[in-house]
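# What the coordinates show
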Amino acid sequence: MSWHVEIDERTCIGSGMCAGLMPEVFVLDGAVAHPVTPEVEPDETVLDAADSCPAMAILVTDGGREIGPRP
Ligand code: SF4
């Protein structure tokens, strides 16, 4: 089952860290990042990106359950 990735554009500060870590999942578009596609294959690196986002703007869910960023 795939995971769902969202980025809060109001919170994203455009650091580009997520796109640098996983360019196949995140793309920086001007001042904000977007998921390349909202559904992604489960991959710990997606959670790493959510954990390391300086604005905590990345939300990862699995079947509606929030799994990233991790506590
Ligand atoms: S790491 Fe966070 S703040 Fe930086 S571009 Fe990605 S979503 Fe935006």
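Residues numbered from 1 in each chain as written. Predicted model: local features only at pLDDT ≥ 70, side-chain atom pairs only at ≥ 80, totals over all residues. Heavy atoms only, no water.

Take the overall build of the chain next. Tallying secondary structure elements over the chain gives 2 helices and 6 strands in all. Referenced to the eigenvectors of the C-alpha coordinate spread, the extents of the chain come out at roughly 30 × 25 × 20 Å. Scored against the burial criterion, the 71 residues of the chain give a buried share of 37%. By sequence separation, contacts in the chain at least 24 residues apart represent 52% of the contacts at least 6 residues apart. (Helix = DSSP H or I, 4+ residues; strand = E, 2+ residues; numbered from the N terminus. Buried < 20%, exposed > 50% of the residue type's maximum accessible area, 1.4 Å probe, protein only. Contact = heavy atoms within 4.5 Å.)

Right, let's get into the site of the ligand. Among the 13 residues in the neighbourhood of the ligand, the closest are listed as C12, S15, G16, C18 and C53. Residue classes in the shell around the ligand are distributed as 10 nonpolar, 3 polar and no charged. (Near = heavy atom within 4 Å. Nonpolar A, V, L, I, M, F, W, Y, C, P; charged D, E, K, R; others polar.)

Bringing the pairing of strand β2 (residues 26–29) into the picture now. The side chains of a regular strand alternate, first on one face of the sheet and then on the other. As paired strands, β2 and strand β3 (residues 32–35) are joined by 4 bridges and run antiparallel to one another. Its bridge partner lying in β3, F26 is registered against P35. From the end of β2 to the start of β3, which pair antiparallel, there are 2 residues, and G30 there has a positive phi angle of about 70°. (Pairing = 2+ DSSP bridges.)

Right, let's get into helix α2 (residues 44–52). Three or more residues of α2 are buried, namely V46, L47, A49 and A50. Buried residues along α2 cover an arc of 155° about the axis, so they all sit on one side. Taken together, the buried residues of α2 touch β1 (3–7), α1 (17–21), β2, β4 (39–40), β5 (58–62) and β6 (65–68). The opening residue of α2, the one whose side-chain oxygen lies 2.8 Å from the backbone nitrogen of T45, is D43. (Arc of directions from axis to C-beta. Polar contact = N/O pair within 3.5 Å; in protein donor to acceptor, adjacent residues only side chain to side chain.)

So, about the pattern of salt bridges. On inspection of all chains with the given rule, the structure shows 5 salt bridges. We note a salt bridge from R10 to D8, for which the minimum N-O separation is 3.2 Å. Judged by its relative accessible area of 76%, R10 is exposed. Note that R70 and E44 form a salt bridge whose closest N and O atoms lie 2.9 Å from each other. (Salt bridge = Lys/Arg side-chain N within 4 Å of Asp/Glu carboxyl O.)

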